[in-house]
Amino acid sequence: MGLSHTTPTSAMFGAPHQESWVTTKLDFLVNWSRAKSLWPMPFGTACCAIEFMATAATRFDLARFGMERMSFSPRQADVLICAGRVPFKLAPVLRRIWQQMPQPKWAISMGACASSGGMFDNYAVVQGIDTIIPVDVYVPGCPPRPEGLLYGIMMLQEKVMREKMSDNTIRNEMEPDPESGLYIPASRIDELSEPFGNSIQQTRSGL
Amino acid sequence: MLPGSANPGAPAPATPRNLPQRGGEPNPSAAAIAAKFGKSFVRSEVIWGDTNVYIQASAVSEIIRWLHDDATQQYDYLSDVTAVEFRDAEQPLEVVWHLRSLPFRRFLRVKVSLDKRAPLAVDSVWPIYKSANWLERECFDMFGITFTGHPDLRRILMWESYREGYPLRKDFPLRGRFSRAEQLRQALSITTEGRYSMEELSVAQAFEDLPEDMRRRLAGGERTGE
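The shown structure was predicted, so the numbers you read here are calculated from the model rather than taken from an experiment. (Residues numbered from 1 in each chain as written. Chains lettered and ligands numbered in written order. Predicted model: local features only at pLDDT ≥ 70, side-chain atom pairs only at ≥ 80, totals over all residues.)

> Let's hear about the overall build of chain B: which residues, and what values?
Summing up its helical and strand segments, chain B has six helices and seven strands in all. When the helices and strands of chain B are placed in sequence order, the string is α-β-β-α-β-β-β-β-α-β-α-α-α. Residues classed as buried in chain B amount to 25% of the 226 residues present. In chain B, 51% of the contacts between residues at least 6 apart in sequence involve partners at least 24 apart. (Helix = DSSP H or I, 4+ residues; strand = E, 2+ residues; numbered from the N terminus. Buried ≥ 20, exposed ≤ 12 C-beta atoms within 10 Å, placed from the backbone. Contact = placed C-beta atoms within 7 Å.)

Here you go:
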(Lines give C-alpha, C1' and ligand atoms only; values in the text may rest on other atoms or scores of the structure.)
Protein backbone atom coordinates (compact mmCIF):
# COMPACT_ATOMS: atom_id res chain seq x y z
CA MET A 1 0.00 0.00 0.00
CA GLY A 2 2.53 2.54 1.08
CA LEU A 3 5.03 1.58 -1.58
CA SER A 4 2.57 2.46 -4.31
CA HIS A 5 2.77 6.12 -3.37
CA THR A 6 5.54 8.07 -5.01
CA THR A 7 5.57 11.54 -3.43
CA PRO A 8 7.63 11.82 -0.21
CA THR A 9 4.80 13.30 1.86
CA SER A 10 2.41 10.52 1.14
CA ALA A 11 5.18 7.94 1.64
CA MET A 12 5.73 9.34 5.08
CA PHE A 13 2.17 9.51 6.31
CA GLY A 14 0.04 7.46 3.95
CA ALA A 15 -3.14 8.58 2.29
CA PRO A 16 -6.11 9.81 4.33
CA HIS A 17 -8.34 7.12 5.79
CA GLN A 18 -5.71 4.48 5.11
CA GLU A 19 -3.36 2.65 7.43
CA SER A 20 -0.31 4.89 8.01
CA TRP A 21 3.29 3.90 8.37
CA VAL A 22 6.70 5.47 8.53
CA THR A 23 10.15 4.42 7.51
CA THR A 24 13.10 5.96 9.31
CA LYS A 25 16.36 5.10 10.99
CA LEU A 26 16.01 3.60 14.45
CA ASP A 27 18.73 5.94 15.74
CA PHE A 28 16.77 8.92 14.53
CA LEU A 29 13.54 7.71 16.07
CA VAL A 30 15.06 6.89 19.45
CA ASN A 31 17.10 10.09 19.60
CA TRP A 32 14.16 12.18 18.48
CA SER A 33 11.88 10.76 21.14
CA ARG A 34 14.57 11.26 23.78
CA ALA A 35 15.52 14.77 22.74
CA LYS A 36 11.97 16.04 22.52
CA SER A 37 11.02 14.84 25.98
CA LEU A 38 13.92 15.56 28.30
CA TRP A 39 12.73 15.67 31.89
CA PRO A 40 14.84 18.20 33.76
CA MET A 41 15.93 17.77 37.33
CA PRO A 42 16.23 21.34 38.63
CA PHE A 43 19.13 21.82 41.02
CA GLY A 44 18.66 25.50 41.72
CA THR A 45 20.83 27.11 44.37
CA ALA A 46 20.93 30.80 43.49
CA CYS A 47 19.66 33.56 41.20
CA CYS A 48 20.08 31.35 38.11
CA ALA A 49 17.19 29.30 39.47
CA ILE A 50 14.97 32.37 39.22
CA GLU A 51 15.82 32.65 35.52
CA PHE A 52 15.22 28.93 35.23
CA MET A 53 11.76 29.38 36.73
CA ALA A 54 11.13 32.21 34.27
CA THR A 55 12.16 29.86 31.46
CA ALA A 56 9.63 27.32 32.66
CA ALA A 57 6.86 29.89 33.07
CA THR A 58 4.42 31.16 30.46
CA ARG A 59 6.38 33.79 28.59
CA PHE A 60 9.35 31.61 27.59
CA ASP A 61 7.54 28.29 28.01
CA LEU A 62 9.97 25.42 28.34
CA ALA A 63 7.06 23.12 27.45
CA ARG A 64 7.58 23.98 23.78
CA PHE A 65 10.66 21.76 23.94
CA GLY A 66 9.01 18.86 25.72
CA MET A 67 10.21 19.78 29.18
CA GLU A 68 7.10 20.96 30.94
CA ARG A 69 7.39 18.14 33.42
CA MET A 70 10.02 19.00 36.04
CA SER A 71 11.33 15.86 37.63
CA PHE A 72 11.89 16.56 41.28
CA SER A 73 12.99 12.98 41.77
CA PRO A 74 16.40 12.29 40.24
CA ARG A 75 15.29 8.70 39.57
CA GLN A 76 12.93 9.87 36.83
CA ALA A 77 15.06 12.66 35.42
CA ASP A 78 16.95 12.83 32.13
CA VAL A 79 18.84 16.09 32.41
CA LEU A 80 20.25 17.73 35.50
CA ILE A 81 20.18 21.52 35.29
CA CYS A 82 22.52 22.95 37.90
CA ALA A 83 21.45 26.58 38.27
CA GLY A 84 23.60 28.50 40.69
CA ARG A 85 26.75 28.28 42.74
CA VAL A 86 27.60 25.04 44.48
CA PRO A 87 29.43 25.31 47.80
CA PHE A 88 31.76 22.52 48.84
CA LYS A 89 29.23 21.45 51.45
CA LEU A 90 26.77 20.72 48.64
CA ALA A 91 29.29 18.85 46.47
CA PRO A 92 28.50 15.36 47.85
CA VAL A 93 24.77 16.10 47.49
CA LEU A 94 25.12 17.05 43.83
CA ARG A 95 27.28 13.99 43.21
CA ARG A 96 24.71 11.78 44.90
CA ILE A 97 21.83 13.20 42.88
CA TRP A 98 23.79 12.63 39.67
CA GLN A 99 24.50 9.03 40.64
CA GLN A 100 20.81 8.47 41.42
CA MET A 101 19.78 9.48 37.89
CA PRO A 102 19.38 6.52 35.51
CA GLN A 103 21.04 6.36 32.09
CA PRO A 104 20.66 7.96 29.63
CA LYS A 105 21.34 11.24 31.44
CA TRP A 106 22.82 14.62 30.63
CA ALA A 107 23.86 17.67 32.62
CA ILE A 108 23.58 21.37 31.92
CA SER A 109 25.71 23.78 33.91
CA MET A 110 23.73 27.01 33.99
CA GLY A 111 25.49 30.30 34.64
CA ALA A 112 28.98 31.48 35.47
CA CYS A 113 29.06 30.16 39.04
CA ALA A 114 28.08 26.60 38.21
CA SER A 115 30.43 26.55 35.23
CA SER A 116 33.52 28.12 36.80
CA GLY A 117 32.81 29.38 40.29
CA GLY A 118 32.12 32.80 38.80
CA MET A 119 32.93 35.72 41.03
CA PHE A 120 33.09 33.43 44.08
CA ASP A 121 36.74 32.53 43.87
CA ASN A 122 36.91 31.78 47.58
CA TYR A 123 37.28 29.03 50.16
CA ALA A 124 33.65 27.90 50.09
CA VAL A 125 32.60 27.51 46.44
CA VAL A 126 33.32 24.72 43.97
CA GLN A 127 35.20 26.12 40.96
CA GLY A 128 33.03 24.55 38.28
CA ILE A 129 30.69 21.61 38.76
CA ASP A 130 32.52 19.69 36.04
CA THR A 131 34.94 18.75 38.82
CA ILE A 132 32.06 16.84 40.48
CA ILE A 133 29.89 15.55 37.62
CA PRO A 134 30.39 15.31 33.85
CA VAL A 135 28.73 18.27 32.10
CA ASP A 136 27.33 18.33 28.54
CA VAL A 137 26.39 21.97 28.01
CA TYR A 138 27.67 25.12 29.71
CA VAL A 139 25.39 28.15 29.57
CA PRO A 140 27.32 31.40 30.13
CA GLY A 141 25.82 34.44 31.81
CA CYS A 142 25.33 35.93 35.23
CA PRO A 143 22.59 34.84 35.26
CA PRO A 144 21.79 33.74 31.69
CA ARG A 145 18.59 35.10 30.23
CA PRO A 146 15.86 32.51 29.56
CA GLU A 147 16.74 32.67 25.87
CA GLY A 148 20.27 31.65 26.80
CA LEU A 149 19.08 28.62 28.73
CA LEU A 150 16.72 27.69 25.89
CA TYR A 151 19.62 27.89 23.46
CA GLY A 152 21.65 25.63 25.74
CA ILE A 153 18.79 23.15 25.89
CA MET A 154 18.48 23.19 22.10
CA MET A 155 22.23 22.53 21.85
CA LEU A 156 21.74 19.57 24.16
CA GLN A 157 18.93 18.33 21.93
CA GLU A 158 21.25 18.58 18.94
CA LYS A 159 23.80 16.56 20.86
CA VAL A 160 21.22 13.92 21.73
CA MET A 161 20.17 13.74 18.07
CA ARG A 162 23.71 12.84 17.05
CA GLU A 163 24.02 9.83 19.36
CA LYS A 164 24.31 6.36 17.85
CA MET A 165 22.93 3.18 19.33
CA SER A 166 25.89 1.25 17.98
CA ASP A 167 28.19 3.26 20.24
CA ASN A 168 27.12 2.41 23.79
CA THR A 169 30.26 3.75 25.44
CA ILE A 170 28.48 7.07 26.02
CA ARG A 171 26.05 5.19 28.25
CA ASN A 172 28.80 3.94 30.54
CA GLU A 173 28.52 5.30 34.05
CA MET A 174 31.65 7.24 35.00
CA GLU A 175 33.15 5.73 38.11
CA PRO A 176 35.08 8.11 40.35
CA ASP A 177 38.52 7.17 41.56
CA PRO A 178 37.83 5.11 44.72
CA GLU A 179 40.81 6.67 46.51
CA SER A 180 39.99 10.35 46.03
CA GLY A 181 36.38 10.27 44.81
CA LEU A 182 37.33 12.49 41.84
CA TYR A 183 36.57 11.94 38.16
CA ILE A 184 39.52 13.89 36.85
CA PRO A 185 43.09 13.98 38.17
CA ALA A 186 43.83 16.32 41.06
CA SER A 187 46.47 18.20 39.07
CA ARG A 188 43.93 19.06 36.39
CA ILE A 189 41.44 20.32 38.97
CA ASP A 190 44.10 22.63 40.39
CA GLU A 191 44.97 23.79 36.90
CA LEU A 192 41.33 24.39 35.96
CA SER A 193 40.56 26.38 39.07
CA GLU A 194 43.63 28.60 38.85
CA PRO A 195 42.56 32.27 38.87
CA PHE A 196 43.28 34.36 35.83
CA GLY A 197 46.52 36.22 36.31
CA ASN A 198 46.45 35.88 40.09
CA SER A 199 48.70 33.88 42.28
CA ILE A 200 47.28 31.27 44.59
CA GLN A 201 48.57 33.21 47.61
CA GLN A 202 46.57 36.31 46.73
CA THR A 203 44.90 37.96 49.70
CA ARG A 204 43.81 41.52 50.22
CA SER A 205 45.83 42.31 53.30
CA GLY A 206 48.96 40.50 52.18
CA LEU A 207 48.97 38.34 55.28
CA MET B 1 -0.49 54.79 73.22
CA LEU B 2 1.60 51.93 71.92
CA PRO B 3 0.68 48.56 73.41
CA GLY B 4 3.42 46.77 75.30
CA SER B 5 5.46 49.88 75.84
CA ALA B 6 7.18 50.34 79.19
CA ASN B 7 6.85 54.09 78.76
CA PRO B 8 3.21 54.77 77.86
CA GLY B 9 3.58 58.54 77.49
CA ALA B 10 6.41 58.34 74.99
CA PRO B 11 5.84 59.72 71.50
CA ALA B 12 5.62 57.30 68.62
CA PRO B 13 9.07 56.32 67.32
CA ALA B 14 10.39 58.19 64.29
CA THR B 15 13.41 57.49 62.12
CA PRO B 16 16.18 59.82 63.33
CA ARG B 17 17.77 62.07 60.70
CA ASN B 18 21.09 63.88 60.34
CA LEU B 19 22.83 61.83 63.01
CA PRO B 20 26.43 62.79 63.76
CA GLN B 21 29.07 60.14 63.27
CA ARG B 22 30.25 60.55 66.85
CA GLY B 23 28.43 62.03 69.78
CA GLY B 24 24.78 62.55 70.32
CA GLU B 25 22.40 61.31 72.92
CA PRO B 26 23.68 58.09 74.53
CA ASN B 27 21.49 55.18 75.48
CA PRO B 28 20.80 55.58 79.24
CA SER B 29 21.75 51.93 79.76
CA ALA B 30 25.40 52.83 79.18
CA ALA B 31 25.47 55.13 82.21
CA ALA B 32 23.53 52.56 84.22
CA ILE B 33 26.14 49.89 83.45
CA ALA B 34 28.95 52.29 84.36
CA ALA B 35 27.27 53.07 87.67
CA LYS B 36 26.45 49.50 88.62
CA PHE B 37 29.45 47.61 87.20
CA GLY B 38 32.19 50.21 87.59
CA LYS B 39 35.09 47.73 87.61
CA SER B 40 33.91 45.82 84.54
CA PHE B 41 32.88 48.88 82.53
CA VAL B 42 35.62 50.01 80.14
CA ARG B 43 34.11 52.85 78.08
CA SER B 44 31.15 53.76 75.96
CA GLU B 45 30.71 55.79 72.81
CA VAL B 46 27.89 56.89 70.53
CA ILE B 47 28.40 56.22 66.82
CA TRP B 48 25.75 57.15 64.27
CA GLY B 49 23.22 57.37 67.08
CA ASP B 50 23.93 53.88 68.44
CA THR B 51 25.60 53.33 71.79
CA ASN B 52 28.54 50.94 72.08
CA VAL B 53 29.50 49.76 75.55
CA TYR B 54 32.87 48.11 76.04
CA ILE B 55 33.03 45.76 79.02
CA GLN B 56 35.51 43.29 80.49
CA ALA B 57 35.31 39.75 79.11
CA SER B 58 34.99 38.30 82.60
CA ALA B 59 31.72 40.17 83.28
CA VAL B 60 29.81 39.28 80.11
CA SER B 61 27.24 36.91 81.55
CA GLU B 62 26.76 39.03 84.69
CA ILE B 63 26.11 42.29 82.80
CA ILE B 64 23.99 40.78 80.04
CA ARG B 65 21.99 38.85 82.61
CA TRP B 66 21.33 42.14 84.41
CA LEU B 67 20.40 43.90 81.15
CA HIS B 68 17.94 41.12 80.42
CA ASP B 69 16.39 40.78 83.89
CA ASP B 70 16.39 44.27 85.39
CA ALA B 71 13.06 46.07 85.27
CA THR B 72 14.70 49.33 84.25
CA GLN B 73 16.49 47.74 81.27
CA GLN B 74 14.42 44.82 79.89
CA TYR B 75 16.65 43.92 76.94
CA ASP B 76 14.47 41.02 75.88
CA TYR B 77 15.78 40.45 72.38
CA LEU B 78 19.28 39.39 71.30
CA SER B 79 19.44 40.10 67.58
CA ASP B 80 23.05 39.22 66.82
CA VAL B 81 26.27 37.80 68.19
CA THR B 82 29.27 38.36 65.99
CA ALA B 83 32.92 39.34 66.08
CA VAL B 84 35.23 41.86 64.44
CA GLU B 85 38.85 41.34 63.62
CA PHE B 86 40.84 44.36 62.54
CA ARG B 87 43.46 44.54 59.87
CA ASP B 88 46.16 45.61 62.29
CA ALA B 89 47.47 42.39 63.75
CA GLU B 90 48.15 43.88 67.19
CA GLN B 91 44.60 45.15 67.66
CA PRO B 92 42.41 42.87 69.76
CA LEU B 93 39.51 40.93 68.35
CA GLU B 94 36.09 42.19 69.40
CA VAL B 95 33.01 40.12 70.19
CA VAL B 96 29.77 42.03 69.67
CA TRP B 97 26.30 41.48 71.09
CA HIS B 98 23.36 43.39 69.64
CA LEU B 99 20.69 43.81 72.29
CA ARG B 100 17.28 45.30 71.83
CA SER B 101 14.76 46.34 74.45
CA LEU B 102 11.32 46.15 72.92
CA PRO B 103 9.46 47.76 75.89
CA PHE B 104 11.87 50.73 76.07
CA ARG B 105 12.60 50.86 72.29
CA ARG B 106 16.33 50.90 72.94
CA PHE B 107 19.23 49.41 71.04
CA LEU B 108 22.53 48.64 72.75
CA ARG B 109 25.71 47.22 71.32
CA VAL B 110 27.88 45.46 73.88
CA LYS B 111 31.50 44.77 72.97
CA VAL B 112 34.33 42.79 74.52
CA SER B 113 37.96 42.94 73.41
CA LEU B 114 39.84 39.67 73.30
CA ASP B 115 43.62 39.58 73.17
CA LYS B 116 44.69 37.47 70.23
CA ARG B 117 47.72 36.10 72.07
CA ALA B 118 45.50 34.33 74.60
CA PRO B 119 42.96 31.61 73.81
CA LEU B 120 39.82 33.25 72.41
CA ALA B 121 37.14 32.43 74.95
CA VAL B 122 34.18 34.27 76.38
CA ASP B 123 31.07 33.29 78.33
CA SER B 124 28.08 32.04 76.40
CA VAL B 125 24.84 34.00 76.80
CA TRP B 126 22.81 30.92 75.85
CA PRO B 127 21.44 30.54 79.42
CA ILE B 128 19.98 34.06 79.05
CA TYR B 129 18.92 34.11 75.38
CA LYS B 130 18.17 30.81 73.64
CA SER B 131 18.63 32.57 70.29
CA ALA B 132 22.34 32.74 71.06
CA ASN B 133 22.67 29.03 70.29
CA TRP B 134 23.14 29.24 66.52
CA LEU B 135 24.58 32.77 66.58
CA GLU B 136 27.41 31.63 68.82
CA ARG B 137 27.93 28.51 66.75
CA GLU B 138 28.31 30.68 63.67
CA CYS B 139 30.73 32.96 65.46
CA PHE B 140 32.73 29.93 66.59
CA ASP B 141 32.68 28.51 63.07
CA MET B 142 33.89 31.71 61.40
CA PHE B 143 36.24 33.16 64.06
CA GLY B 144 37.17 30.26 66.33
CA ILE B 145 35.92 31.94 69.50
CA THR B 146 34.99 29.47 72.23
CA PHE B 147 31.78 30.32 74.06
CA THR B 148 32.09 28.60 77.42
CA GLY B 149 28.80 27.21 78.64
CA HIS B 150 27.36 26.73 75.15
CA PRO B 151 25.40 23.44 75.06
CA ASP B 152 26.47 22.29 71.57
CA LEU B 153 29.41 24.28 70.25
CA ARG B 154 30.23 22.89 66.81
CA ARG B 155 30.44 24.19 63.28
CA ILE B 156 27.23 25.33 61.66
CA LEU B 157 28.03 26.79 58.22
CA MET B 158 31.07 24.74 57.29
CA TRP B 159 30.84 20.98 57.60
CA GLU B 160 32.05 19.38 60.78
CA SER B 161 35.13 17.72 59.34
CA TYR B 162 36.31 21.07 57.90
CA ARG B 163 39.97 21.30 58.79
CA GLU B 164 41.22 24.51 57.19
CA GLY B 165 40.57 26.83 60.12
CA TYR B 166 38.30 29.79 60.67
CA PRO B 167 37.43 31.54 57.39
CA LEU B 168 36.72 35.07 58.61
CA ARG B 169 40.02 35.47 60.43
CA LYS B 170 42.41 37.91 58.79
CA ASP B 171 45.19 35.32 58.55
CA PHE B 172 42.92 33.01 56.56
CA PRO B 173 43.71 33.09 52.82
CA LEU B 174 40.69 33.99 50.71
CA ARG B 175 40.86 30.78 48.71
CA GLY B 176 41.44 28.51 51.69
CA ARG B 177 44.57 26.74 52.85
CA PHE B 178 44.38 23.57 50.78
CA SER B 179 44.53 23.15 47.02
CA ARG B 180 41.28 23.03 45.11
CA ALA B 181 41.59 19.31 44.45
CA GLU B 182 42.21 18.60 48.12
CA GLN B 183 39.27 20.77 49.17
CA LEU B 184 37.06 18.91 46.70
CA ARG B 185 38.34 15.54 47.82
CA GLN B 186 37.59 16.34 51.46
CA ALA B 187 34.17 17.75 50.61
CA LEU B 188 33.20 14.69 48.56
CA SER B 189 34.22 12.39 51.38
CA ILE B 190 31.53 13.81 53.68
CA THR B 191 28.96 11.15 54.42
CA THR B 192 25.68 13.00 54.27
CA GLU B 193 23.70 10.17 55.83
CA GLY B 194 26.08 10.16 58.75
CA ARG B 195 24.67 13.53 59.79
CA TYR B 196 21.13 13.51 58.47
CA SER B 197 19.98 10.02 59.39
CA MET B 198 16.60 9.19 60.84
CA GLU B 199 18.21 8.69 64.22
CA GLU B 200 19.73 12.15 64.02
CA LEU B 201 16.29 13.63 63.47
CA SER B 202 15.35 12.38 66.94
CA VAL B 203 13.15 9.60 65.73
CA ALA B 204 14.37 7.81 68.82
CA GLN B 205 11.87 9.72 70.92
CA ALA B 206 8.99 8.51 68.74
CA PHE B 207 10.47 5.07 68.23
CA GLU B 208 7.57 3.19 69.81
CA ASP B 209 5.06 4.92 67.51
CA LEU B 210 6.76 3.77 64.31
CA PRO B 211 5.43 0.86 62.23
CA GLU B 212 6.80 -2.52 63.20
CA ASP B 213 8.90 -3.06 60.07
CA MET B 214 10.52 0.35 60.35
CA ARG B 215 11.37 -0.28 63.99
CA ARG B 216 12.97 -3.58 63.00
CA ARG B 217 15.02 -1.97 60.24
CA LEU B 218 16.15 0.92 62.44
CA ALA B 219 17.03 -1.43 65.27
CA GLY B 220 19.12 -3.44 62.81
CA GLY B 221 21.21 -0.33 62.19
CA GLU B 222 19.89 0.37 58.70
CA ARG B 223 20.21 3.94 57.51
CA THR B 224 17.01 5.27 56.02
CA GLY B 225 18.40 8.53 54.74
CA GLU B 226 17.15 8.09 51.19
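> Describe in detail the overall build of chain A, supporting the description with residues and values.
Across its full length, chain A holds seven helices and four strands. From first element to last, N terminus to C terminus, chain A shows the α and β order α-α-β-α-β-α-β-α-β-α-α. Looking at the 207 residues of chain A, the share that counts as buried comes to 30%. Long-range pairs, those at least 24 residues apart, make up 75% of the contacts in chain A between residues at least 6 apart in sequence.

> Summarise the sheet that holds strand β5 (residues 106–114) of chain B; cite the residues concerned and give the values.
All names here are of chain B. Pairing is mixed across the open sheet formed by five strands, whose spatial order is β1-β2-β5-β4-β3. Edge positions in the open sheet fall to β1 (41–47) and β3 (77–84), since each of these has one partner strand only. Sheet twist, expressed as the mean angle between neighbouring strand axes with direction ignored, is 20°. Both strand β2 (residues 50–55) and β5 contribute to a ladder of five bridges, which runs parallel. (Pairing = 2+ DSSP bridges. Axes fitted to C-alpha atoms, helices over the stretch in contact; angles between N-to-C directions.)

> Can you tell me about the pairing of strand β4 (residues 93–101) of chain B, naming the residues and giving the values?
Residues and elements named next belong to chain B. In the sheet, β3 pairs with β4 via seven bridges, with the strands oriented antiparallel. Opposite Leu78, over in β4, you have Leu99 as the bridge partner. Here nine bridges tie β4 to β5, and the two strands are oriented antiparallel to one another. Paired with Trp97 across the strands is Val110, a residue of β5. In this structure, the hairpin formed by β4 and β5 is closed by a connection of four residues, where Arg105 is found at a positive phi of approximately 55°.

> Would you mind going over the sheet that holds strand β2 (residues 79–83) of chain A in detail, with residue names and values included?
Sheets are built from strands that pair by backbone hydrogen bonding, the pairs being arranged parallel or antiparallel. All names here are of chain A. Taken in spatial order, the four strands of this open sheet run β1-β2-β3-β4, and their pairing is parallel. Taken across any chain shown, the strands that pair with only one partner, and hence form the sheet edges, are β1 (40–44) and β4 (137–139). Taken over all neighbouring pairs, the strand axes of this sheet differ in orientation by 15° on average, direction set aside. As paired strands, strand β3 (residues 106–110) and β4 are joined by three bridges and run parallel to one another. Bridged to Ser109 within β4 is Tyr138. Its contacts with the sheet place helix α3 (residues 47–56) against β1, β2 and β3, and it is angled at close to 145° to β1.

> Residues and numbers for the interface of chain A and chain B, please.
Counting residues at the interface gives 26 residues for chain A, matched by 22 residues for chain B. Only α4 (91–100) and α7 (186–192) of chain A provide two or more residues apiece to the side of chain A that touches chain B. Per element, the largest residue contribution to the side of chain A that touches chain B is five residues, and it comes from α4 of chain A. By residue class, the composition of the side of chain A that touches chain B is 11 nonpolar, 10 polar and five charged. (Nonpolar A, V, L, I, M, F, W, Y, C, P; charged D, E, K, R; others polar.)

> So what's going on with the environment of Met101 of chain A? Which residues, and what values?
Residue and element names in this part refer to chain A. Take Met101: it is sitting in the loop between α4 and β3. For Met101, a count of 22 C-beta atoms within 10 Å translates into the label buried. Sequence spacing of Met101 and Arg75 is 26 residues, and the spatial spacing of their C-alpha atoms is 4.9 Å. Residues within four places of Met101 in sequence aside, it is in contact with Met41, Pro74, Ala77 and Leu80.

> Quick rundown of the nonpolar core? Include the residues and the values.
Counting 44 residues, the largest nonpolar core has Val79, Leu80, Ile81, Cys82, Ala91, Leu94 and Met110 of chain A as the members making the most contacts within it. Per-element tally for this core: the top contributor is β2 of chain A, with five residues. Dropping the residues within four chain positions of it, Cys82 of chain A is found in contact with Phe43, Leu94, Ala107, Ser109, Met110, Ala114 and Ile129 of chain A. With 34 residues, the next largest nonpolar core counts Tyr75, Val81, Val110 and Phe143 of chain B among its residues. (Core = buried A, V, L, I, M, F, W, Y, C linked by C-beta atoms within 7 Å.)

> Break down the pairing of β2 of chain A for me, with residues and values.
All names here are of chain A. For β2, the buried fraction is high: five of the five residues fall into the buried class. Side-chain alternation along β2 places Val79, Ile81 and Ala83 on one buried face and Leu80 and Cys82 on a second face that is also buried. Judged from the five bridges that link them, β1 and β2 form a sheet pairing that is parallel. Bridging across to β2, Pro42 finds its partner in Ile81. What joins β1 to β2 is α3, and the crossover it makes is left-handed. With five bridges joining them, β2 and β3 adopt parallel strand pairing. Within the sheet, the bridge partner assigned to Cys82 lies in β3 and is Ser109. (Right-handed = clockwise from strand over helix to strand, strands pointing away.)

> Mind laying out the packing of α3 of chain A against helix α6 (residues 146–161) of chain A, listing which residues take part and the relevant values?
All names here are of chain A. Closest axis-to-axis distance for the α3/α6 pair is 9 Å, and the angle between their directions is 75°. As summarised for this structure, α3 and α6 are arranged roughly perpendicular, according to the angle between their axes. Across from Glu51, Phe52, Ala54 and Thr55 in α3, the residues of α6 making contact are Pro146, Leu149 and Leu150. Each residue belonging to the contact of α3 with α6 can be placed in one class, and the counts come to five nonpolar, one polar and one charged. (Parallel < 35°, antiparallel > 145°, perpendicular 65-115°, else oblique.)

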